[in-house]
Structure formats: C-alpha cells, structure tokens
Amino acid sequence: MTRCRRLVLPAVAVLAIAAARPAAAAEAGHYRFAAYWGGLHAADFALTIRNGGDSYATAFRLATRGLVDAILKLRVSADSDGAARGSRLAPAHYRVAYSNRYKARSVRVTFDPDGGPASARTRTDRGDQAQEEYGGTDSLPASLRTGVIDPVSALAQAIAQVRQAPESARKGFRLGVFDGRRRYDLIGRFLGEDRRSILGRDHKVLVLRLDTEAVAGFRPVQKLFWDDNAFHVYLSADGRYVPLQIDSIGTGPIMHMVEECPGPCDLGGGD
C-alpha cells in the first residue's frame with residue numbers, strides 16, 4: 001500500500017490542477033472526478049476554478065474510497081490564487097492540508113510578486129505532538145524557489161500553452177514547481193488531436209503528455225518514483241479544454257471527470 005500512496009499522490013497533484021485554465025472573462029467551473037486503480041474505486045476529487053480575467057483562484061478536495069480508504073484514509077484540501085497575465089499565471093498564495101491515519105500536515109507558500117524566491121511554512125501533527133518549521137525555505141536554495149509556481153497552478157499553465165500556442169507546445173515545455181517542501185519540474189508536450197472512448201462515449205480530444213522530474217527535496221526512493229511518473233491528459237476539443245480523463249502511463253490510476261456541478265461539488269460519503 002506504500003507504493004499505492006506514492007502512485008496516487010503525484011496523480012492527485014496533476015488532477016488537482018487539471019481543469020484550471022486562464023480566461024478572458026470572469027467564470028467559474030465546478031468538477032467532480034473519480035479515480036480507479038485496477039478497476040477499484042480509489043478516490044473522489046472535487047475541484048472549483050474561478051477565473052476573473054486578470055486573476056484566478058482554485059479549490060480542491062480529495063477523499064480516498066473503498067479499500068484504499070480503509071487502509072490509508074487520505075484527505076486533501078488545497079487552494080491557490082494569483083494573477084493571470086495572458087497565458088502566464090503568477091501565483092500569490094498556495095495552501096494545502098492533508099491527513100491520513102498516521103499524521104496531518106499543512107503547508108503555506110507565499111510567492112514574491114517581484115520575482116524573488118518563494119517562502120514556505122510547514123506544520124506537522126502526529127497525535128498530540130505538533131512541529132512547525134520553515135519547510136523548503138531552509139531546505140532548498142533560493143535559486144530553486146525562484147521562477148516557480150505551485151502544483152495547483154502548474155497544469156493550468158500547461159493547458160494555457162496548449163490553448164494559446166499549440167505549435168510551441170508540440171515542441172515541449174518545462175515548468176518549475178515548488179510545493180513548499182520539494183522542487184520538481186513538470187515537462188509537457190502537446191501530442192495533437194485524437195478520438196477516445198471515455199465512460200462509454202466517443203470524444204474528439206486533445207492529448208497532452210505530462211512527465212514529472214524530481215529536482216530537490218526528495219528521498220532517493222521518492223526521486224526514483226517521481227522520475228518515472230507520467231500521464232496522458234485528454235482535454236475536450238470543444239474550445240473549453242476540460243480534462244475529460246487523466247490516464248497514468250504504466251502502472252497507476254485512471255481518473256474520469258464524472259460531473260460538472262452548478263456549484264462546488266459534493267464528494268458525498270460524509271466528506
């Protein structure tokens with residue numbers, strides 16, 4: 001189950017940002033996803049994205065389901081906000097909190113609007129013990145925290161490159177991501193149009209491949225896994241660029257968008 005957790009969490013990071021995209025006018029989208037592993041329902045995700053022309057904000061929640069929930073009981077809540085400058089997102093704040101059966105952790109990241117290094121603070125709770133520390137601020141050099149964006153904004157940036165500069169995106173691009181404790185790169189390449197059956201329906205889709213590359217802040221076993229982690233993101237080809245499905249390349253979960261909600265989606269199950 002340890003390997004299961006290591007496979008799910010990077011996938012969660014990708015899914016959490018998958019539907020976010022910059023927009024010319026104020027709008028909001030609310031989405032619910034289901035993740036399956038080997039045919040088993042492993043997790044549900046709820047995602048809200050608000051685009052205000054020159055600004056954006058996201059909110060994301062996750063709850064494991066079934067056997068994964070019985071063993072791990074993982075809950076994640078994250079949000080980010082910042083400025084949207086054309087196709088470029090400039091995050092201001094990123095907050096994430098998660099808990100499982102063994103511990104709870106929260107991370108707050110502040111990004112420098114003048115282009116300096118991001119700073120972070122982490123709090124970890126194990127039972128009645130709590131430890132607060134400056135996460136990546138002390139453990140990573142300033143150069144690795146400069147020119148970066150948060151995980152909840154990273155795929156929004158990737159989708160913006162597909163949307164506004166598809167030929168450039170075909171050549172590939174690299175985004176630096178800082179989650180408050182670790183630095184990794186998200187490497188993207190637009191693969192073009194295709195047709196795909198998703199939940200029994202045929203769709204014309206745009207295919208985006210995303211690979212992760214660990215840079216700093218990872219233990220050796222984590223680095224081996226993150227360097228071998230990749231996904232195909234299938235976006236709607238109707239001009240909305242909605243992530244209809246995210247499929248792990250190799251072993252890992254497959255994630256379907258199952259509902260667009262009129263307001264923030266309810267995960268159900270008491271979460």
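Per chain, the residues get numbers from 1 upward, laid out in the order the sequence is written. pLDDT decides what is reported in this predicted model: residues at 70 or higher carry local features, side-chain atom pairs at 80 or more are listed and counted, and totals for whole chains, interfaces and linings draw on all residues regardless. The side-chain figures draw on all heavy atoms in the structure; neither hydrogens nor water molecules are used.

### Concerning the overall build of the protein chain
The helix count covers DSSP runs of H or I at least four residues long, the strand count covers runs of E at least two residues long, and both are numbered beginning at the N terminus. Secondary structure summary: the protein chain contains six helices and 14 strands in total. Out of the 271 residues belonging to the protein chain, those deemed buried represent 49%. Should any heavy atoms of two residues lie within 4.5 Å, those residues are considered in contact. Taking contacts inside the protein chain between residues at least 6 apart in sequence as the whole, the part at least 24 apart equals 52%. The method behind every accessible area is Shrake-Rupley, applied with a 1.4 Å probe, and residues are considered shielded solely by the protein chains displayed. About 12300 Å² of surface is accessible on the protein chain, with carbon and sulfur atoms providing 48% of the total. Exposure categories follow from relative accessible area, calculated using a 1.4 Å probe and restricted to protein chains: below 20% of the type maximum is buried, above 50% is exposed, and the middle band is partly exposed.

### Some thoughts on the state of the cysteines
For this text, the term disulfide refers to a pair of cysteine sulfurs within 2.5 Å. If you walk through the whole model with that rule in mind, you get one disulfide. The disulfide that involves C261 links it to C265, with 2.1 Å between the sulfurs. The S-S bond linking C261 to C265 shows a torsion near 115 degrees; that makes this disulfide right-handed. Classification of C261 as buried rests on a relative accessible area of 13%.

### What about the nonpolar core?
In terms of nonpolar packing, the biggest core is built from 58 residues, with F45, V109 and L208 touching the most fellow members. No other element matches the seven residues that strand β11 (residues 201-216) contributes to this core. Beyond its immediate stretch of four places on either side in the chain, V109 contacts A92, H93, Y94, A118, S119, A120, F178, D179 and G180. Judged by nonpolar contacts, the second largest core, of five residues, contains A46, A63, C265 and L267. Buried residues of nine kinds, namely Ala, Val, Leu, Ile, Met, Phe, Trp, Tyr and Cys, make up a nonpolar core once their side-chain atoms join them within 4.5 Å.

### A few points about the pattern of salt bridges
Only one rule defines a salt bridge in this text: a Lys or Arg side-chain nitrogen within 4 Å of an Asp or Glu carboxyl oxygen. Counting across every chain of the model gives 16 salt bridges. Residue R95 is joined to D81 by a salt bridge in which the shortest nitrogen-to-oxygen separation is 2.8 Å. A residue pair is termed long-range when its members are at least 10 positions apart, and R95 in strand β5 (residues 88-99) and D81 in strand β4 (residues 75-85) qualify at 14 residues. The exposure class assigned to R95 is partly exposed, which follows from its relative accessible area of 22%. When its relative accessible area of 21% is taken as the criterion, D81 is described as partly exposed. Close ionic contact of E213 with R174 constitutes a salt bridge, the shortest N to O distance being 3.3 Å. With E213 in strand β11 and R174 in strand β9 (residues 173-178), this residue pair connects regions lying 39 residues apart in the sequence. Of the residues examined, E213 reaches a relative accessible area of 31% and is grouped as partly exposed. Judged by its relative accessible area of 45%, R174 is partly exposed. One salt-bridge network, in which partners are shared between bridges, spans R174, R183, D185 and E213.

### Considering a nonpolar patch on the surface
Candidate patch residues must exceed 30% relative accessible area and have no salt bridge, after which like charges are joined if within 9 Å and Val, Leu, Ile, Met, Phe, Trp or Tyr side chains if within 5 Å. Together, L40, L67 and I71 make up an exposed nonpolar region whose accessible area comes to about 280 Å². Mapped onto the secondary structure, I71 falls in helix α2 (residues 66-71). Relative accessible area serves as the criterion here: at 33%, I71 is assigned to the partly exposed category.

### Some points on the pairing of strand β10 (residues 183-198)
Note: two strands are recorded as paired if DSSP finds a minimum of 2 bridges between them. Looking at chain direction, β9 and β10 are connected through six bridges and run antiparallel. The residue bridging F178 from the neighbouring strand is R183, located in β10. Joining the antiparallel neighbours β9 and β10 is a turn of four residues, in which G180 adopts a positive phi near 100 degrees. With 15 bridges connecting them, β10 and β11 associate as antiparallel partners. Note that in β11 the partner of I198 across the bridge is R201.

### What about the pairing of strand β2 (residues 40-51)?
Among the twelve residues of β2, nine are classified as buried, and the element is accordingly described as predominantly covered. Bridge analysis of strand β1 (residues 27-37) against β2 gives eleven bridges, and the strand direction is antiparallel. Bridged to F33 within β2 is F45. Direction of pairing for β2 relative to strand β3 (residues 55-64): antiparallel, over a ladder of nine bridges. The partner of T48 across the bridge, within β3, is A59. Remark: three residues form the turn of the hairpin made by β2 and β3, two consecutive strands paired antiparallel; G53 in that turn has positive phi of roughly 85 degrees.

### Section: the side chain of S80
Turning to its location among the elements, S80 is positioned in strand β4. Contacts of S80, omitting those with residues within four sequence positions, involve Y56, A57, T58, H93, Y94, D150, V152 and S153.

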